[in-house]
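Close look at the chain arrangement
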Amino acid sequence: MLAMEYRGPKRVRAVQKPMPEIKHPEDAIVRVTRSCICGSDLHLYNGNVPDTRVGSTFGHEFVGEVVEIGSDVTNIKVGDNVIVPFNVACGRCYFCKQGMFGNCHQSNSMATAVGAIFGYSHTAGGFDGGQAEYARVPYANVGPTVIPPGMDLDDAVLLTDVVPTGYQAAEMAGIQKGDTVLVFGAGPVGIMAARCAWLFGAGRVIVLDKEDYRLEFVRNYAPCEAYNFEEIGDPVLFIKKITDWLGADCVIDAVGAEAAGNALQTITGRKTLLQAGSATALHWAINAVKKGGVVSIVGVYGPTDNLVPIGNAMNKGLTIRGNQTSVKRLLPRLIDHVQSGRLNPKAIITHRLPMEEVADGYRLFSAKLDNCIKPILLPPTVTR
Ligand SMILES: [Zn+2]
Ligand SMILES: [Zn+2]
């Protein structure tokens, strides 16, 4: 089968790989009908995630048709079209039982902090991902969710990560009616978080980024105020100024460690990898939020310490929340939001590429060429 393969930093290609096989009675094999390249895949692509092995296949955002099931799979059947959440979750551990599917204690033998994630290095379990014609889905009674009849596959594939992560970012921000919500980052997740903030009762939504085309998009899509942080001077001061010097009630960090940082963070984080990237966005978030406010982190940070103003966080009485999204927990209500028209995920898709051109997809998305917001990959067997 055709699959994306990692060859080393900034080198990926489409290759022929053996078909995945059922290895456990709870496995299923899915014929992929859509998969996405995600912003967090760029951390892998750039070689910044520990234990990313040459030969592995990325892709944690995919939907497909079930073509084979193990003997213990009862919740889905061959022929079902399913949304496959990016989390690999066992469904029966202490955390899964509480709906914390992103924190499964069983699925990832390689780490204790994070559950397994499809196609996201051996640090996240070592499962091959869905940027391929077929994928093996473990714990197939738990994650895969049948796509409701009539739902566009382009909408469905964004329910694997982007929509739930944007939604959970807004949920974790603890938005109260009328709150001012500030979102750092106008990538797919930041865009979705800005949109979802309204569903939680926000009174005002502000987004900061440095790509004008993304700011233009989110301004119309969320809709919201959107500013280029390279053009407004000190972003923290700017936010204070436009919020009666109080700061935003809730701040969402949808950037993570690969933000363009200040000089010190760029050197210690991005160049020497001493602190697994730059924490500029988080720094701004802590300083731009109102005293007593909430900072919600969904941007991806590395495992080591980042230079963050933790003293300010303490002195301001902040609540800081962050987590991997528990996709399965959120799917019922998000499917409802999509079907009712309150959310229109597929509008963020800007590029559709045949899987053979996966290397171009990574290059385009990574360099933000051609006004790219969200690229999706179409396997050769998919005609529409
Ligand atoms: Zn993703
Ligand atoms: Zn579990």
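Residues numbered from 1 in each chain as written. Chains lettered and ligands numbered in written order. Predicted model: local features only at pLDDT ≥ 70, side-chain atom pairs only at ≥ 80, totals over all residues. Heavy atoms only, no water.

Considering the overall build of the protein
Rules: Secondary structure elements follow DSSP: runs of H or I of four or more residues count as helices, runs of E of two or more count as strands, with numbering from the N terminus. Radius of gyration means the value over C-alpha atoms here, while the globule rule gives 2.2 Å times the residue count to the 0.38 power. The rule is simple: take the accessible area with a 1.4 Å probe, protein chains only, and divide by the maximum for that residue type; under 20% is buried, over 50% is exposed, in between is partly exposed. Contacts are assigned to residue pairs that have any heavy atoms within 4.5 Å of one another. The Shrake-Rupley method, run with a 1.4 Å probe, gives the accessible areas here. Residue values count only the displayed protein chains as cover.
The number of helices and strands found in the protein is 12 helices and 17 strands. Its C-alpha radius of gyration of 20 Å places the protein within 12% of the 21 Å reference for a compact globule of 384 residues. Along the first, second and third principal axes, the C-alpha set of the protein runs to 60 × 45 × 40 Å. Put simply, the protein has 384 residues, and 60% of those count as buried. Partitioning the contacts of the protein with sequence separation of at least 6, the portion at a separation of at least 24 is 71%. Carbon and sulfur atoms make up 52% of the accessible area of the protein, which totals about 15,400 Å².

Remarks on the sheet that holds strand S11 (residues 204–209)
Basically, it comes down to this: A strand pair is defined by DSSP finding two or more bridges across the two strands. A fitted line through C-alpha atoms represents every axis, and for helices the fit uses only the stretch in contact; the resulting angles, taken between N-to-C directions, go from 0 to 180 degrees.
Spatially, S12-S11-S10-S13-S14-S15 is the arrangement adopted by the six strands of the open sheet, whose pairing is parallel. Each edge of the open sheet carries a strand with a single partner, namely strand S12 (225–228) and strand S15 (319–322). With strand direction ignored, the average angle separating the axes of adjacent strands in the sheet is 20°. For strand S10 (residues 180–184) and S11, the ladder comprises five bridges, and the chain directions are parallel. Bridging across to S11, phenylalanine 184 finds its partner in leucine 208. Contacts from helix H6 (residues 212–221) reach S11 and S12 within the one sheet, and its direction differs from that of S12 by about 175°.

Regarding the coordination of the zinc ion (ligand 2)
As a reminder, the rule being used: Each metal site lists N, O and S donors within 2.8 Å (3.2 Å for Na, K and Ca). With water left out of the atoms, a site can look as if it is missing ligands. By the criteria applied here, four donors are tetrahedral when all angles lie between 85 and 135 degrees, four are square planar and six octahedral when opposite donors are over 155 degrees apart and every other angle lies between 65 and 115, and any other arrangement is irregular.
With distances of 2.3 to 2.4 Å, the protein atoms coordinating the zinc ion (ligand 2) are Cys90 (SG), Cys93 (SG), Cys96 (SG) and Cys104 (SG). Taken together, the four donor atoms coordinating the zinc ion (ligand 2) and their angles of 102 to 119° define a geometry best described as tetrahedral. The sequence pattern describing where the donors of the zinc ion (ligand 2) fall on their chain is C-x2-C-x2-C-x7-C. There is no split in this pair, since cysteine 96 and cysteine 104 are both buried.

Some words on unusual backbone geometry
Across residues other than glycine, the phi torsion is negative in most instances, and most of the peptide bonds are trans. The omega torsion of the bond from alanine 222 to proline 223 falls at -15°, within 30 degrees of zero and hence cis. As for its position among the elements, proline 223 is in the loop between H6 and S12. In this structure, asparagine 371 is a non-glycine residue whose phi angle is positive, near 55°. Here asparagine 371 lies in the loop between helix H12 (358–366) and strand S17 (374–378).

Some points on the coordination of the zinc ion (ligand 1)
For the zinc ion (ligand 1), the full set of protein donor atoms is Cys38 (SG), His60 (NE2), Glu61 (OE) and Asp161 (OD), at a range of 1.9 to 2.2 Å. Coordination geometry of the zinc ion (ligand 1): the four donor atoms subtend angles of 95 to 134° at the metal centre, consistent with an arrangement described as tetrahedral. On the basis of relative accessibility, which here comes to 7%, the residue cysteine 38 falls in the buried class.

Notes on the UniProt feature "domain: Alcohol dehydrogenase-like N-terminal" (unreviewed entry) in the protein
Put simply, the test is: UniProt positions are given in the numbering used here, feature names are shortened, and annotations may be inferred rather than shown by experiment.
Sites flagged by UniProt as "domain: Alcohol dehydrogenase-like N-terminal" (unreviewed entry) map to residues 25–143. Along residues 25–143, the helical share is 8% and the strand share 24%, with 15 Å between the first and last C-alpha atoms.

A look at the packing of aromatic side chains
Spelled out, the test is: In this analysis, rings of Phe, Tyr and Trp, with Trp reduced to its six-membered ring, are considered paired at centre separations within 6.5 Å, and the interplanar angle assigns stacked below 30 degrees, edge-to-face beyond 60, and tilted for intermediate values.
Applying the stated criterion to the full structure yields 10 aromatic pairs. Considering the side-chain rings of phenylalanine 62 and phenylalanine 118, the 5.3 Å spacing of their centres and the 85° angle between planes classify their relative orientation as edge-to-face. Here phenylalanine 118 lies in the loop between strand S7 (116–117) and strand S8 (134–137) and phenylalanine 62 lies in strand S4 (residues 62–69), a separation of 56 residues in the sequence. Phenylalanine 118 carries the same exposure label as phenylalanine 62, and that label is buried. Aromatic pair tyrosine 167 and phenylalanine 200: ring centres 4.9 Å apart, planes at 50°, arrangement tilted.

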